[in-house]
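One-letter residues, chain by chain:
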Amino acid sequence: MQNLVMKIPLRVLIVEDSEFDAAMLVNVLRQGGYDPQSRRVETREDMVEALGAQAWDFVLSDYNMPRFSMQEALDVLRQSHLDLPFIIVSGGIGEDIAVAAMKAGAHDYLMKGNLARLVPAVTRELREAQSRAARRQAEAALRESELRYRLLWETSTDAVILVDSNGQIHFANPAVETVFGYSPTEVMGKNLSLLQPEEFRNPHLEGMLRYMQQETPREKHAPRETVGLHKDGHHIPIEIAFSEMELHDQRWLVAFIRDITERKKAEKELHDNQEQFRIAREIQQRLFPKSAPETPGLDLAGASYPAEATGGDYFDFLTMADGSMGVVIADVTGHGIGPAMLMAETRAYLRLLTRNHDDLGIIMNRANQMLAEDVSYERFVTMVLTKFDSKSRCLTYSSAGHPPGFVLSASGELKYLLKRTGGPLGIQPDAQYAGSTPIQLAAGDVVLLLTDGVDESMSPAGEFFGTDRILSAVRPHLNRPASAIVDALYQAVRLFSENTPQLDDVTAVVIKIV
């Protein structure tokens, strides 16, 4: 008989406007050993009602939604006075925005395109929430009795030490051995300086002890990072916070000490990765066309502006097997090193396929089959591939789940909308794609291809740039070169967002008929 593995119950509130994305998060949690009970909300009112309707263990929140934002969700949680772990799960968020969100109260952030850290992050933050709860209860308990909530201290994952005004240790919980290697009995009666190297002795602690010996009002003591001394002699990076208390007419300090070795390792890895990102960006930028090819009857231009050091957007100018001009724009889910690698792979496939084929359906079908073999269910590629016949001035295209393109006349009239003709690449290996019927173009017509980073660029007020602003931004420049139209559109996007950090890659390609 097979052993049944009991899954851990988890009540998770998901702040997300996409039902598909919410279902994906629940599925990842379930695969990670949890039994999630979830509810999805996408407005302030829904979240307030959900928090009042039942108890929750966790909150997962998207960063940007049409009617709600991560910051508003944090505000709602703060006003509820509930100490729930709060993790951002976003499709596009820069490091500086993520740091600001963490300072505002979020506990971690993940990318939708890379959910491998979701289960470990949830497990860690649940444990941290339990520790915070134990700490709060312990501080309240000490005001009444040094023994009443002793069990809470003993089960805390942080080392908890009670010292008198001379720094002598009167209580230590079992976690002291985990952090410092000493059993509680070994440190009882010793001075707190036992747990810190002499060269790193905390002058703040010494000042606090002197302060305790004076009859002055209490003050708050924020957590500080310093260095601890393990029993075997090696140094430990620690974070230490102190709380004062009065017990039996005597003043005490309670020290809450946390081993932050893993945090310091993560900070070092982040620092080391900065140089790797810089090199990766240089490599990726070389993959984009250095300049548009000179093509009879066409004026071509394109540009891509990644949200991070490396991005998942892609565009290229391709010579098809029959000599006609092909133009492609694509978007890999997420941005960063992983999507950049998939973008480079997609570029290689398309360059190979277009040299040997001129039928858009064949090219897209084979590209989809190859990508489906290489990507997981978390990744996919949206793409528009166009082909221009200079003799007939006809354009054909195939769109794999990509945002619509636009064909504008010289006067600015919207002549055609290049709608999606199939789903994204890399999801279903047997999906079929075909080229559109030929679209007749005329001199002065402009074809505009974009990634969703343009349409979904946001103002500080949380408003999307949108289709109307896209068309309004390019229409005054239709008589200018293609490169000027691309630049004018990007400048309009940055002006609209007031130069706040990009949340997604911004890529645009212009095909102008001359």
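Residues numbered from 1 in each chain as written. Predicted model: local features only at pLDDT ≥ 70, side-chain atom pairs only at ≥ 80, totals over all residues. Heavy atoms only, no water.

### Structural notes on the pattern of salt bridges
Taken as a whole and judged by the stated rule, the model has 23 salt bridges. For the salt bridge of Lys112 with Glu16, the shortest nitrogen-to-oxygen distance reads 3.0 Å. Here Glu16 lies in the loop between β1 (8–15) and α1 (19–31) and Lys112 lies in the loop between β7 (108–111) and α5 (118–142), a separation of 96 residues in the sequence. On the basis of relative accessible area, Glu16 is assigned to the buried category, the value being 1%. Measuring nitrogen to oxygen at the nearest pair gives 3.4 Å for the salt bridge that ties Arg263 to Glu239. Note that Arg263 is positioned in helix α10 (residues 261–287) and Glu239 in strand β11 (residues 235–247), a separation of 24 residues in sequence. Residues joined by salt bridges that share partners form a network here, namely Glu16, Asp21, Asp62 and Lys112. (Salt bridge = Lys/Arg side-chain N within 4 Å of Asp/Glu carboxyl O. Helix = DSSP H or I, 4+ residues; strand = E, 2+ residues; numbered from the N terminus. Buried < 20%, exposed > 50% of the residue type's maximum accessible area, 1.4 Å probe, protein only.)

### What about the packing of helix α11 (residues 337–356) against helix α12 (residues 360–374)?
As a packed pair, α11 and α12 sit with axes 10 Å apart at the nearest point and diverge in direction by 145°. The hand of the α11/α12 crossing is right-handed. Mapping the contact onto sequence places Leu342, Glu345, Thr346, Tyr349, Leu350, Leu353 and Thr354 in α11 and Ile363, Arg366, Ala367, Met370, Leu371 and Asp374 in α12. Taken together, the residues that form the contact of α11 with α12 break down as eight nonpolar, two polar and three charged. (Axes fitted to C-alpha atoms, helices over the stretch in contact; angles between N-to-C directions. Left-handed = near helix turned anticlockwise from the far one by under 90°. Contact = heavy atoms within 4.5 Å. Nonpolar A, V, L, I, M, F, W, Y, C, P; charged D, E, K, R; others polar.)

### With respect to the side chain of Thr226
Looking at the element boundaries, Thr226 is found in strand β10 (residues 221–229). Overall, the relative accessible area of 16% leaves Thr226 in the buried class. A distance of 2.7 Å separates the side chain of Thr226 from the side chain of Gln196, its partner in a polar contact. Setting aside its immediate chain neighbours within four residues, Thr226 contacts Gln196, Phe200, Ile236, Pro237, Ile238 and Ile240. (Polar contact = N/O pair within 3.5 Å; in protein donor to acceptor, adjacent residues only side chain to side chain.)

### Overview of empty space enclosed by the protein
This model, assessed by the stated rule, comprises five cavities of 30 Å³ or more. The computed volume of the second largest cavity comes to approximately 50 Å³. Along its surface, the second largest cavity is lined by Ala303, Tyr305, Val454, Val486, Leu489, Tyr490, Val493, Val506, Thr507 and Ala508. Those elements that place two or more of their residues in the lining of the second largest cavity are β13 (298–305), α15 (482–496) and β22 (506–513). Ranked by residues supplied to the lining of the second largest cavity, first place goes to α15 with four residues. Across the lining of the second largest cavity, the residue classes tally to nine nonpolar, one polar and no charged. (1 Å grid on protein atoms, 1.4 Å probe; cavity = no way out; pocket = protein on both sides within 12 Å on 5 of 7 lines; lining within 4 Å. Points joined across faces, edges and corners; volume = space filled by probe spheres on them.)

### Topic: the sheet that holds strand β17 (residues 394–400)
Strand order in the open sheet made by the five strands is β14-β15-β16-β17-β20, with antiparallel pairing throughout. Each edge of the open sheet is held by one strand with a lone partner, namely β14 (313–319) and β20 (439–440). Of the strand pairs in this sheet, strand β16 (residues 381–389) and β17 are connected by seven bridges, and their pairing is antiparallel. Following the sheet pairing, Met383 is matched in β17 by Ala400. The sheet contacts of α11 involve β14, β15 (325–332) and β16, and relative to β14 the element is tilted by about 15°. Across the sheet, α12 touches β16 and β17, and the angle it forms with β16 is around 155°. (Pairing = 2+ DSSP bridges.)

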